[in-house]
Amino acid sequence: MAEIPRVLNVLLLDADGKRIAVKYFDEATTTVASQMAYERAIFAKTSRTNARGEAEIALLDKHLVVYKFVSDLHFYVTGGVDENEIILATVLTGFFDAVGLLLRGVLEKRTVLENLDLVLLTLDELIDGGIILETDASIIANRVSMRGADGDTPLAEQSFTQALASAKEQLTRNLLR
């Protein structure tokens, strides 16, 4: 019986290697000092590569790292050395695309910091306890933005005109019964 694929961490760093949003699931990196040391090591190893188009793969201290850069952001997903790199790349793509959808394609450090709540919720919808929950970017983005699958807009988010039209339609439907 095969094991469930596990992710050790998901990192979003800036162009200087400083953390923007991170989530660790590895028992070996429980302290902030060990996490910062890992982030410095991973940034030092990957910063000189050109991972702007497709995701790249690197091996770092018995960890398999899949990463991608865009603008001044560096996206990383790390798994154990025995993990399938295609699964890790799928997680990276799901994270990258969901953030892109939520930020309407403006993937820059400033925009990410202004919408950090959405990025952190994306991490929560993507992985829990190292277990991959979802990799489809549109589903993740819909959950984070709290849009239903049926397309109905919650009453609190409707404009006055939309709410009035909805009330009129319901009233008409109830009177015609």
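Residues numbered from 1 in each chain as written. Predicted model: local features only at pLDDT ≥ 70, side-chain atom pairs only at ≥ 80, totals over all residues. Heavy atoms only, no water.

Chemist: Quick one: what's the story with the nonpolar core, residue by residue and with numbers?
Modeler: Judged by nonpolar contacts, the single largest core of 31 residues is most densely connected at Leu12 and Phe95. Only β1 (9-14), β2 (19-24), β4 (63-70), β5 (73-80), α2 (85-102), α4 (116-126) and α5 (137-144) provide two or more residues apiece to this core. Of all the elements, α2 adds the most residues to this core, at 8 residues. If we skip the residues at most four places from it in the chain, Leu12 touches Lys18, Arg19, Ile20, Ala21, Val22, Leu73, His74, Phe75, Phe95, Val112 and Val119. Among the nonpolar cores identified, the runner-up in size contains 12 residues, and Tyr38, Ile42, Val65 and Tyr76 belong to it. (Core = buried A, V, L, I, M, F, W, Y, C linked by side-chain atoms within 4.5 Å. Buried < 20%, exposed > 50% of the residue type's maximum accessible area, 1.4 Å probe, protein only. Helix = DSSP H or I, 4+ residues; strand = E, 2+ residues; numbered from the N terminus. Contact = heavy atoms within 4.5 Å.)

Chemist: Quick one: what's the story with the pattern of salt bridges, residue by residue and with numbers?
Modeler: Throughout the structure, instances matching the rule amount to 6 salt bridges. Residue Glu39 is joined to Arg19 by a salt bridge in which the shortest nitrogen-to-oxygen separation is 2.7 Å. With Glu39 in helix α1 (residues 32-46) and Arg19 in strand β2, this residue pair connects regions lying 20 residues apart in the sequence. Glu114 is paired through a salt bridge with Arg110; the nearest N and O atoms lie 3.4 Å apart. Placement of the pair is Glu114 and Arg110 together in helix α3 (residues 109-114), with a separation of 4 residues, close to one helical turn. Of the two residues, Glu114 and Arg110, both sit in the exposed class. Bridged by salt links that share partners, the residues Glu125, Glu134 and Arg143 form one connected network. (Salt bridge = Lys/Arg side-chain N within 4 Å of Asp/Glu carboxyl O.)

Chemist: Quick rundown of the packing of aromatic side chains? Include the residues and the values.
Modeler: Summed over all chains, the structure comprises 6 aromatic pairs. Plain terms: the ring middles of Phe75 and Phe95 are 5.4 Å apart, the flat faces sit at 70° to each other, and that makes the pair edge-to-face. Highlighted residues: Phe75 in strand β5 and Phe95 in helix α2, separated in sequence by 20 residues. In this pair, the class of Phe75 matches that of Phe95, namely buried. Among the aromatic residues, ring-to-ring pairing joins Tyr67, Phe69 and Tyr76 into one connected group. The ring of Phe96 carries the charged tip of Lys68 above its face, separated from the ring centre by 4.1 Å. (Phe/Tyr/Trp six-rings, centres within 6.5 Å; stacked < 30°, edge-to-face > 60°. Lys NZ or Arg CZ within 6 Å of the ring centre and 35° of its normal.)

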